[in-house]
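# Structure assessment
Given next are the chains, with one letter for each unit.
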Amino acid sequence: MLGRAGALSAARWRGGAGTGTGIGIDLRAALRSGGNLLFALFVAAVLAFTLLAAVHSPDDPLLHPSSHQLTAFLTSATSNSTFLADDSVLRTGEDFAAAIGANSSDAAAAAEATVVAEAVPFIKLEDVATKEESSGAERAVTVDTDASSDAGAAAEENPIVEAVSCDTEAPVDCTGDKDLFNLLMRTAIEKFSDLHFYRFGRPVAVPGSPMECDLAWRFRPAEDTNGRTTYYKDYRRFTLTRDVNTCNLVVGNVGEYHSSTGAKRSGRRKGKKGKKGKREAPVTDFVPAKTQMRLDENAANADTTAASEPELVVGEAVNDNLPVVESESEFSRGKYLIYMGGGERCKSMNHYVWGFLCALGEAQYLNRTLVMDLNVCLNSRYTSSGKDEERDFRLYFDFEHLKQSASVIDQSQFWTDWGKWHKKDRLKNHYTEDIKVTPMQLRDVKDTLIMRKFGNVEPDNFWSRVCEGETEAVIKRPWYLLWKSRRLMEIVSAISSRMDWDFDSVHVVRGEKAQNKQLWPNLDRDTSPDSLLTTLNDKVGAGRHLYIATNEPDKSFFDPMKGKYRTHFLDDFKDLWDENSEWYTETKELSNGNAVEFDGYMRVAVDTEVFLRGKRKLETFSDLTRDCKNGVNTCPASS
């Protein structure tokens, strides 16, 4: 084509008409030749761009060196299936998403994070109307003692205030009194100055307590440095009294975290179905008019084409019921992927997560539903019995978020439906045992089910091996889909609330590492109470709440620090998961009536999340000691 275009590009000469020796230019032929040349250049550019796009393999941003949190988590620059992870700090998808937004050099990502933060304005104190603004200034009642105009004028200048008749025992109207509602909101905002409030629920009367009201609200910490879009829900009981002089209501006491059971309702509840088939109107949250105006303005300016992220609210009722295929036709039209066997079972939970996300990533690449086994084998390192135990996936991870954001189905439900309909509807199964069969080779498979069967020889039976080699450029592990269980996050919220969301945190790694002087020669000395007091002296003010996340079993080791700080440890909050707690009741119901142990993996998850919510956060191998996290001579060059 290029040769032909080159030939045509030469000017075509011929003798001019009417002259014997004159030579003229055929302009039409020249223009035609120039057009062919331009078209040839365009085709060549398209071919070059196509080839470049086909061979270009962009780096995975999650594995980019700028995301040091992810690098620290994996402890390996490549996807090595046999990596050893440090379980003392546990992070999942929401942590990595925040880390990328905080550490990426991409200005667009930072700008996007700012837009998200500003898109939902919080409720300020001036947004809540005072009693005078809502009902007008109260005027004093005067008594006219003289019919004459002079007396009347004197009475206006010096009004006589009528004594107020007040029944201090009269019950309050929690639901219908707007002034009372404003009073409760203003009290909450003033009392919890370290929180940003986003919505308030309608107050609820307390049966048998005429002077108490329950109120719920949605909030976030004011100094939320994690960059997450997580909201928290709290509901508290307000005790009210009346001023004997003015008869105005006054808040006498605000209960502890989650003290008002009457206001504990889910914002997603649709109401019960009545006899006539109608549904009760859901209980709506309240947003002051000024804040609603800002919400409407931001919504009008927002890009409607952008996909909205799922909203996580810790404290709402968790809906982690298993997804069900509604009909035979829907099941038969579906496409599925299942992983069977594999060496991830009964390994560390970090190892399990690494392989599970590979399977989820391949399912998304193939546009198939992942058939997942919700039974997780918890390694003996996390159990009090010292043995591997079967646990439910939903105890550790937010299954509601997963099923809303990705296409997944429970394995037991799938096999039940498969047994009923696969012969009748002639559904086919594509079976492969070799991990060398890449997802790219399976892209054109039309069968209903693709089954990957893993053998017994490690490490070739690891799920994560599917995503290694050439597949790394294609399959991206969807970390953003895997969040910690909201039941565990509820414990995190309760612990933070008991410290008024105003605390500092320090992560102290000791245990076996502190005893191994060959790999960590300074760790034991640098994490002693005296050294910690010296290190924290210029970083944490005296008298502050200090949360210590540590694997040191003997908490009395840190007693010397109690003289300067109000120290807190995870075990100080045992009542949040004991037999009388909400967590215990809900997890027992989830496990078919069997009591659930608050195991070592849960402890690490909660310990990490509370640590991350500290206003000042000090890490062991970044702030407390010169030793390297993985031993001598393993510190990254940038540190």
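The structure under discussion appears in the preceding block.
Residues numbered from 1 in each chain as written. Predicted model: local features only at pLDDT ≥ 70, side-chain atom pairs only at ≥ 80, totals over all residues. Heavy atoms only, no water.

### Some thoughts on the pattern of salt bridges
Per the stated rule, a full pass over the model turns up 34 salt bridges. For arginine 486, the salt bridge identified is with aspartate 398, shortest N-O distance 3.5 Å. Placement of arginine 486 in helix α14 (residues 486–498) and of aspartate 398 in the loop between β13 (389–392) and α12 (399–405) is noted, with a sequence separation of 88 residues between them. Classification of arginine 486 as buried rests on a relative accessible area of 5%. A salt bridge links arginine 544 to aspartate 504; the shortest N-O distance between them is 3.0 Å. (Salt bridge = Lys/Arg side-chain N within 4 Å of Asp/Glu carboxyl O. Helix = DSSP H or I, 4+ residues; strand = E, 2+ residues; numbered from the N terminus. Buried < 20%, exposed > 50% of the residue type's maximum accessible area, 1.4 Å probe, protein only.)

### Considerations on the nonpolar core
Counting residues in hydrophobic clusters, the biggest one holds 95 residues, and the most contacted among them are Phe200, Phe393, Leu402 and Ile495. For this core, the element with the highest residue contribution is helix α11 (residues 349–365), accounting for 11 residues. Those residues in contact with isoleucine 495 that sit more than four places away from it in its chain are Tyr547, Leu570, Phe573, Leu576, Val606 and Val610. Membership of the second largest hydrophobic core comes to 13 residues, among which are Val508, Leu532, Met561 and Tyr565. (Core = buried A, V, L, I, M, F, W, Y, C linked by side-chain atoms within 4.5 Å. Contact = heavy atoms within 4.5 Å.)

### Brief notes about the sheet that holds strand β11 (residues 369–372)
Ordered in space as β14-β11-β10-β16-β15, the 5 strands form an open sheet in which the pairing is parallel. The two strands at the open ends of the sheet, each matched to only one other strand, are β14 (408–410) and β15 (429–432). With strand direction ignored, the average angle separating the axes of adjacent strands in the sheet is 25°. Contacts from α11 reach β10 (336–340), β11, β14 and β16 (449–453) within the one sheet, and its direction differs from that of β10 by about 155°. Relative to β14, helix α13 (residues 411–421) is tilted by about 80°, and along the sheet it contacts β10, β11, β14, β15 and β16. (Pairing = 2+ DSSP bridges. Axes fitted to C-alpha atoms, helices over the stretch in contact; angles between N-to-C directions.)

### Some remarks on a nonpolar patch on the surface
A cluster of nonpolar residues, Leu37, Leu38 and Leu41, forms a patch on the protein surface that exposes about 290 Å² of accessible area. Checked against the element boundaries, leucine 41 lands in helix α2 (residues 27–55). (Patch = residues over 30% accessible without salt bridge, like charges linked within 9 Å, V, L, I, M, F, W, Y side chains within 5 Å. Areas by Shrake-Rupley, 256 points an atom, 1.4 Å probe, with all protein chains shown as cover.)

### Side note on the packing of aromatic side chains
Counted according to the given criterion, the structure contains 30 aromatic pairs. Ring geometry for phenylalanine 331 against tryptophan 421: centres 5.6 Å apart, planes inclined by 55°, an arrangement best described as tilted. Of this pair, phenylalanine 331 sits in helix α10 (residues 328–333) while tryptophan 421 sits in helix α13; the two residues are 90 residues apart in sequence, bridging distant segments of the chain. What makes phenylalanine 331 buried here is its relative accessible area of 0%. (Phe/Tyr/Trp six-rings, centres within 6.5 Å; stacked < 30°, edge-to-face > 60°.)

### Some remarks on the sheet that holds strand β20 (residues 617–618)
Taken together, the 4 strands give an open sheet; going across it, the order is β19-β18-β17-β20, and neighbouring strands pair in parallel fashion. The open sheet terminates on both sides in strands that have one partner only, identified here as β19 (566–568) and β20. Here strand β17 (residues 503–508) pairs with β20 via 2 bridges, running parallel. Directly across from valine 506, in β20, lies its bridge partner leucine 618. Of the strands in this sheet, β17, β18 (545–550) and β20 touch helix α19 (residues 600–612), which is tilted by about 145° from β18.

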